[in-house]
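Report on the structure
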Amino acid sequence: MRMLVTGQDMIGWGLLVLPLIVIAWAVLWLAEQTAERNRHERYLRFQAVLRHLGRDDTSWAEKMAAAHELRQYKEYRHIIGKIFDDGKVREEGQAAALEAELKDVSKSG
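Values in this document were obtained by computation on a predicted structure and should not be read as measured data. (Residues numbered from 1 in each chain as written. Predicted model: local features only at pLDDT ≥ 70, side-chain atom pairs only at ≥ 80, totals over all residues. Heavy atoms only, no water.)

1. Details of the packing of aromatic side chains
Applied cut-off: Two rings from Phe, Tyr or Trp (for Trp, the six-membered ring) form a pair when their centres sit within 6.5 Å of each other. Planes less than 30 degrees apart are called stacked, planes more than 60 degrees apart edge-to-face, and all others tilted. Comment: elements are numbered from the N terminus, with helices defined as DSSP H or I runs of at least four residues and strands as E runs of at least two. Burial classes follow relative accessibility: with a 1.4 Å probe on protein chains only, a residue under 20% of its type's maximum area counts as buried, one over 50% as exposed, and anything between as partly exposed.
Taken as a whole and assessed by the stated rule, the structure comprises 4 aromatic pairs. Between tyrosine 43 and tyrosine 76, the ring centres sit 6.3 Å apart and the planes meet at 55°, which makes this aromatic pair tilted. On the criterion of sequence distance, the pair formed by tyrosine 43 in helix α1 (residues 7-54) and tyrosine 76 in the loop between α2 (60-69) and α3 (77-83) is long-range, its members being 33 residues apart. Judged by its relative accessible area of 18%, tyrosine 76 is buried. For the pair tyrosine 73 and tyrosine 76, a centre-to-centre distance of 6.5 Å together with 40° between the ring planes defines the contact as tilted. The same class applies to tyrosine 73 as to tyrosine 76, namely buried. One aromatic cluster in this structure is built from Tyr43, Phe46, Tyr73 and Tyr76.

Following this line, the structure appears as structure tokens:
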């Protein structure tokens, strides 16, 4: 069995393999772009839920539904715990909490 003996054989295999490599790269790139878009859309939905909870003109039932929806955002659990204290929006120490969070972000970067 002869494989890649002549230059013509090598060119033939190259013409077969190169498009497959390009297609594989394009699929990986598209998957990463889609995942990033999904993460961003999820973040926007999380922010909308938080805004809904913070509005004064929202009914009690709507706030309950929004609070229940926060359970879907487990990746933001640490920040939810910093925003809310025993089910209430943390009022005292807001500036200090924000400053501490920003310090944590600067350390992780």
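2. Observations regarding the environment of valine 49
Let me state the cut-off plainly: The contact rule is simple, with two residues in contact once any of their heavy atoms fall within 4.5 Å.
The topology assignment puts valine 49 in helix α1. In this structure valine 49 comes out as buried when scored by relative accessible area, which is 11%. For the pair valine 49 and alanine 65, spaced 16 residues apart in sequence, the C-alpha to C-alpha distance is 9.4 Å. In contact with valine 49, other than residues within four places in its own chain, are Ala66, Glu69, Leu70 and Tyr73.

3. With respect to the packing of α1 against α2
Applicable threshold: Simply put, an axis is a line fit to the C-alpha atoms, just over the touching stretch for a helix, and the angle between two N-to-C directions goes from 0 to 180 degrees. By convention, the crossing between two helices is left-handed when the near helix turns anticlockwise from the far helix through less than a right angle, and right-handed when the turn is clockwise. Classes in brief: Ala, Val, Leu, Ile, Met, Phe, Trp, Tyr, Cys and Pro nonpolar; Asp, Glu, Lys and Arg charged; the others, Gly included, polar.
Where α1 meets α2, the closest approach of the two axes is 9 Å, and the angle between their N-to-C directions is 145°. Crossing of α1 against α2: the hand is left-handed. Between α1 and α2, the contacting residues are Val49, His52 and Leu53 on the first element and Glu62, Lys63, Ala66, Ala67 and Glu69 on the second. Counted by class, the contact of α1 with α2 contains 4 nonpolar, 1 polar and 3 charged residues.

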